[in-house]
Amino acid sequence: MAQAYGENLKQAMDTLRAHKMRSALTVFGVVLGVSVIMLVAALITGFDETIQENIKQFGADTAFISKWDQGFHGGDPPMEERQRKPLTLEDAKALIAGCPALKNVTTFLQTGWMQVHTVRTKAGEVSAIDFRGVQANFGQVYANAATLAGRFISEGDDLHREKVVMLGENVAPVLFPGGDAVGKDVMIDGTDFRVIGVVEKPKGGFGMGDEDRRVLIPFNTFKKTYPSADEINMRVQANPGMLDQAVDQAEEVLRRRRNVHYNGKDNFSIRTAAQEVEEFHNIMMMVYVATIVLSAIGLLIGGVGVMNIMLVSVTERTREIGVRKAIGAKRSDITWQFLLEAMTLTGSGGVIALVLVNGLVLLFRLALQWRGAVPVWAATAGVLVSVSVGLIFGVWPAMKAAKLDPVEALRYE
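Small disclaimer: the values here were computed from a predicted structure and weren't measured.

Undergrad: Describe in detail the overall build of the chain, supporting the description with residues and values.
TA: When you go through the chain residue by residue, the secondary structure sums to 15 helices and 12 strands. If you take every contact in the chain between residues at least 6 apart in sequence, the share linking residues at least 24 apart comes to 79%. If you sum the accessible surface of the chain, you get close to 21,300 Å²; carbon and sulfur atoms cover 61% of it.

The structure is reproduced here in structure tokens:
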């Protein structure tokens, strides 16, 4: 039996080699469909690792608090959100006092997202910066705010509204291409500041465009310089293993302070890193579903093409089928001959897709410093699906070949 299958497989390969162009055109749809599955799986795997790494940079035991609802939602925020009162420093103090599970709370201040800020020196300029007024404990709560050079903003800087600034790792070389930025002056929106430190770029970014454009000044200095700014946000740090309790306690304190009625909707949001990862996975699941639909269309086109070509092959080889039956070939032998030919054809498409996608992924990794790779399950599933397409769409041509009458087949011209 195994020898017969081996002989049928050899004949299938010989047939494919004899009709290279026809085989290549036939298998194109299969290559396309399988490639989409593998490529999207590789991209999502890479994005997943990157997103999780970025989220962990904020601190696994932390949660972000804002007056705005967080997460993905298209369009402008509804009127109810825009009318919410801002968070305050008093809210932060109340959280520390009323939440035993909390270890630390830091607040930071920003202007509206439409206001673009620019930092410049005589040597360079950086616009569209991530500009914030932060407290001295910002670097303790945020795991991605380590000091690379100089020192971090102190409580004294904040208390006395000192005009000092910390620059992101990618900002400092642009403003000071000649070397050390610490101790030198920069101008932010026309106001002079002295550089006291450089913030280390967070790990886990994606691509060459991933830049650390952070520019941090003391909270009270920001408030004095931009008196209309009221976008206060918070990040809370829980005691080890107590993040869920800390979130519950913080929600209770803020609902009370912001006069949220019993069973009423929160007029603020609290979001942990785990929730952000879960939302990302939900979005990726929708992408997977869309990918499967697109791949199914490509595979259907490829399958129909394979079936038509196999029917043509049966017609062209009618006399060959008659000869094989005349010398004792069974129906099952003929059936497996054409099934294996169809499966070999589409399976080769799966292997071609695997090679092409791995080549593309390698280029992405080299060009974009990206960590994506084709998952083993996607590679295995892609090849198996491609072989299955040949099995499914090759049944009718194989059965048609097996049912041919040997006498009539030998008479075929």
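Undergrad: I'd love a proper account of the pairing of strand S9 (residues 191-199), names of residues and values included.
TA: Summarising burial for S9: seven of the nine residues are buried, a large majority. Where strand S6 (residues 147-150) lies against S9, three bridges are found, and the strand directions are antiparallel. Across the sheet, residue Ala149 finds its bridge partner in S9, namely Val198. By the bridge criterion, five bridges tie strand S7 (residues 164-168) to S9 in an arrangement that is parallel. Among the inter-strand pairings, Gly168 is bridged to a residue of S9, identified as Val199. As paired strands, strand S8 (residues 185-188) and S9 are joined by four bridges and run antiparallel to one another.

Undergrad: So what's going on with unusual backbone geometry? Which residues, and what values?
TA: Residues other than glycine predominantly adopt negative phi, and peptide bonds predominantly adopt the trans conformation. In this model, Ala128 sits at a positive phi of 55 degrees, which is unusual for a non-glycine residue. Take Ala128: it is sitting in the loop between strand S4 (125-127) and strand S5 (130-134). A positive phi is found at Asn263, a non-glycine position, where the angle reads about 70 degrees. Position of Asn263 among the secondary structure elements: in the loop between helix H9 (243-257) and strand S12 (269-272).

Undergrad: Lay out the side chain of Thr62 in plain terms, naming residues and giving numbers.
TA: Note that Thr62 resides in strand S1 (residues 62-66). Polar contacts involving the side chain of Thr62 include one to the side chain of Arg235, which spans 2.9 Å. The residues contacting Thr62, other than those within four sequence positions of it, are Val141, Arg235, Val236, Gln237, Leu243, Thr272 and Ala273.

Undergrad: For a nonpolar patch on the surface, give the residues involved together with the corresponding values.
TA: On the surface, Met285, Val289, Val293, Leu294, Ile297 and Ile301 cluster together into a nonpolar patch covering about 580 Å² of accessible area. By secondary structure assignment, the location of Ile297 is in helix H10 (residues 273-316).

Undergrad: Outline the packing of aromatic side chains, listing residues and values.
TA: The tally for this structure, following the rule as stated, stands at eight aromatic pairs. Relative to Tyr226, the ring of Phe131 lies with its centre 5.7 Å away and its plane at 80 degrees, an arrangement referred to as edge-to-face. Placement of the pair is Phe131 in strand S5 and Tyr226 in the loop between helix H8 (219-225) and strand S11 (231-238), with a sequence separation of 95 residues. The class for Phe131 is buried, based on a relative accessible area of 4%. What makes Tyr226 buried here is its relative accessible area of 11%. Seen in terms of ring centroids, Phe138 and Phe152 are 6.4 Å apart; in terms of plane orientation they differ by 10 degrees. Their pairing is stacked.

Undergrad: Provide a residue-level description of the nonpolar core, including the pertinent values.
TA: Judged by nonpolar contacts, the single largest core of 45 residues is most densely connected at Leu95, Val119, Val165, Leu167, Val186, Ile188 and Val215. Among the elements that make up this core, the one with the highest residue count is H9 (six residues). Dropping the residues within four chain positions of it, Val186 is found in contact with Val119, Arg120, Thr121, Val165, Leu175, Phe176, Thr191, Asp192, Phe193 and Val195. The next biggest cluster of nonpolar side chains, apart from the first, holds 19 residues, and it includes Val31, Met38, Ala42 and Met307.

Undergrad: Would you mind going over helix H14 (residues 395-402) in detail, with residue names and values included?
TA: Residues of H14 that are buried include every one of Pro397, Ala398, Ala401 and Ala402, and no others. Down the axis of H14, the sector holding all buried residues measures 135 degrees, keeping them to one side.

Undergrad: Report on a positive patch on the surface, specifying residues and quantitative values.
TA: Judged by side-chain charge, Arg161, Lys163, Lys223 and Lys224 come together as a positively charged surface patch. Tracing the backbone shows Lys224 in helix H8.

Undergrad: Residue-level account of the environment of Asn144, with values.
TA: Within the fold, Asn144 resides in the loop between helix H5 (138-141) and S6. Given the relative accessible area of 9%, Asn144 is considered buried. For the pair Asn144 and Lys201, spaced 57 residues apart in sequence, the C-alpha to C-alpha distance is 7.5 Å.

Undergrad: Break down helix H4 (residues 89-98) for me, with residues and values.
TA: Because each turn of an α-helix spans 3.6 residues, side chains separated by three or four positions in sequence point in the same direction. Taken together, the buried positions of H4 are occupied by Asp91, Ala92, Ala94 and Leu95. The buried side chains of H4 occupy one side of the element, clustering within an arc of 160 degrees when seen end-on. For H4, the exposed residues lying more than 90 degrees away from the buried face are Lys93 and Ala97. Buried-residue contacts for H4 involve S1, strand S2 (102-110), S11 and H9.

Undergrad: Can you break down the packing of H4 against H9 residue by residue, with the values?
TA: Working note: a packed helix pair is described by the angle between its axes plus the distance between those axes. Put simply, H4 and H9 touch, their axes get as near as 10 Å, and they point 135 degrees apart. Regarding the angle of H4 to H9, the classification is oblique. Note that H4 runs across H9; the crossing there is right-handed. Residues Glu90, Asp91, Ala94, Leu95 and Gly98 of H4 form the contact with H9, whose own contacting residues are Ala250, Val253, Leu254 and Arg257. Grouping the amino acids of the contact of H4 with H9 by side-chain chemistry returns five nonpolar, one polar and three charged.

Undergrad: Before we move on, could you go through the pattern of salt bridges and cite the residues and values that matter?
TA: Think of it this way: side chains of opposite charge can pair up when their charged atoms draw near. All told, the structure shown has nine salt bridges when counted by the stated rule. Residues Glu125 and Arg120 are paired through a salt bridge, measuring 3.2 Å at the closest nitrogen-oxygen approach. You can call Arg120 partly exposed: its relative accessible area is 33%. Between Asp130 and Arg132 there is a salt bridge, with the nearest N and O atoms lying 3.1 Å from each other. When its relative accessible area of 24% is taken as the criterion, Asp130 is described as partly exposed. Judged by its relative accessible area of 14%, Arg132 is buried. Each of Asp69, Glu80, Arg84 and Lys265 takes part in salt bridges that share partners, so that together they form one network.

Procedures and definitions
- Per chain, residues are indexed from 1 in the order of the written sequence.
- Local features are withheld for residues below a pLDDT of 70 in this predicted model, meaning they are given only at 70 or higher, and side-chain atom pairs are given and counted only at 80 or more; totals for whole chains, interfaces and linings count all residues.
- Hydrogens are left out, water is left out, and the side-chain values use all remaining heavy atoms of the structure.
- Think of it this way: any DSSP run of H or I at least four residues long counts as a helix, any run of E at least two long counts as a strand, and we number them from the N terminus.
- Only heavy atoms matter for contacts: two residues are in contact if any of them lie within 4.5 Å across the pair.
- In this description, accessible areas are obtained by the Shrake-Rupley approach with a 1.4 Å probe, and a residue is regarded as covered only by the protein chains that are shown.
- For the exposure calls, accessible area comes from a 1.4 Å probe over protein chains only, and a residue counts as buried if that area is under 20% of its type's maximum, exposed if over 50%, partly exposed in between.
- Any two strands with at least two DSSP bridges between them are considered paired.
- As used in this structure description, the phrase polar contact means that two N or O atoms lie within 3.5 Å; if the pair is within protein, one of them must be able to donate a hydrogen and the other to accept it, and residues adjacent in sequence are counted only when both atoms belong to side chains.
- Residues enter patches when they are more than 30% accessible in relative terms and free of salt bridges; like-charged ones are connected within 9 Å and nonpolar ones (Val, Leu, Ile, Met, Phe, Trp, Tyr) within 5 Å.
- Within this document, salt bridges are pairs made up of a side-chain nitrogen of Lys or Arg and a carboxyl oxygen of Asp or Glu, the two lying within 4 Å of each other.
- Aromatic pairs are defined between Phe, Tyr and Trp rings, using the six-membered ring for Trp, whenever the two ring centres lie within 6.5 Å; interplanar angles under 30 degrees are classed as stacked, those over 60 as edge-to-face, and all others as tilted.
- We define the nonpolar core as a collection of buried residues of types Ala, Val, Leu, Ile, Met, Phe, Trp, Tyr and Cys that are connected through side-chain atoms lying within 4.5 Å of one another.
- The arc in question is the one spanned by the directions pointing from the helix axis to the C-beta atoms.
- Asp and Glu count as negative and Lys and Arg as positive, but His and the ends of the chain are not part of the count.
- To locate a charge, the coordinates of NZ of Lys, CZ of Arg, CG of Asp or CD of Glu are taken.
- All axes are obtained by fitting lines to C-alpha atoms, using only the stretch in contact for helices, and the reported angles, taken between N-to-C directions, cover 0 to 180 degrees.
- For classification, angles of less than 35 degrees are called roughly parallel, those exceeding 145 degrees roughly antiparallel, those between 65 and 115 degrees roughly perpendicular, and all remaining angles oblique.
- In this scheme the handedness of a crossing depends on how the near helix is turned from the far one: anticlockwise by less than a right angle means left-handed, clockwise means right-handed.
- As a working rule, the residues Ala, Val, Leu, Ile, Met, Phe, Trp, Tyr, Cys and Pro are called nonpolar, Asp, Glu, Lys and Arg charged, and the rest polar, with Gly in that last group.

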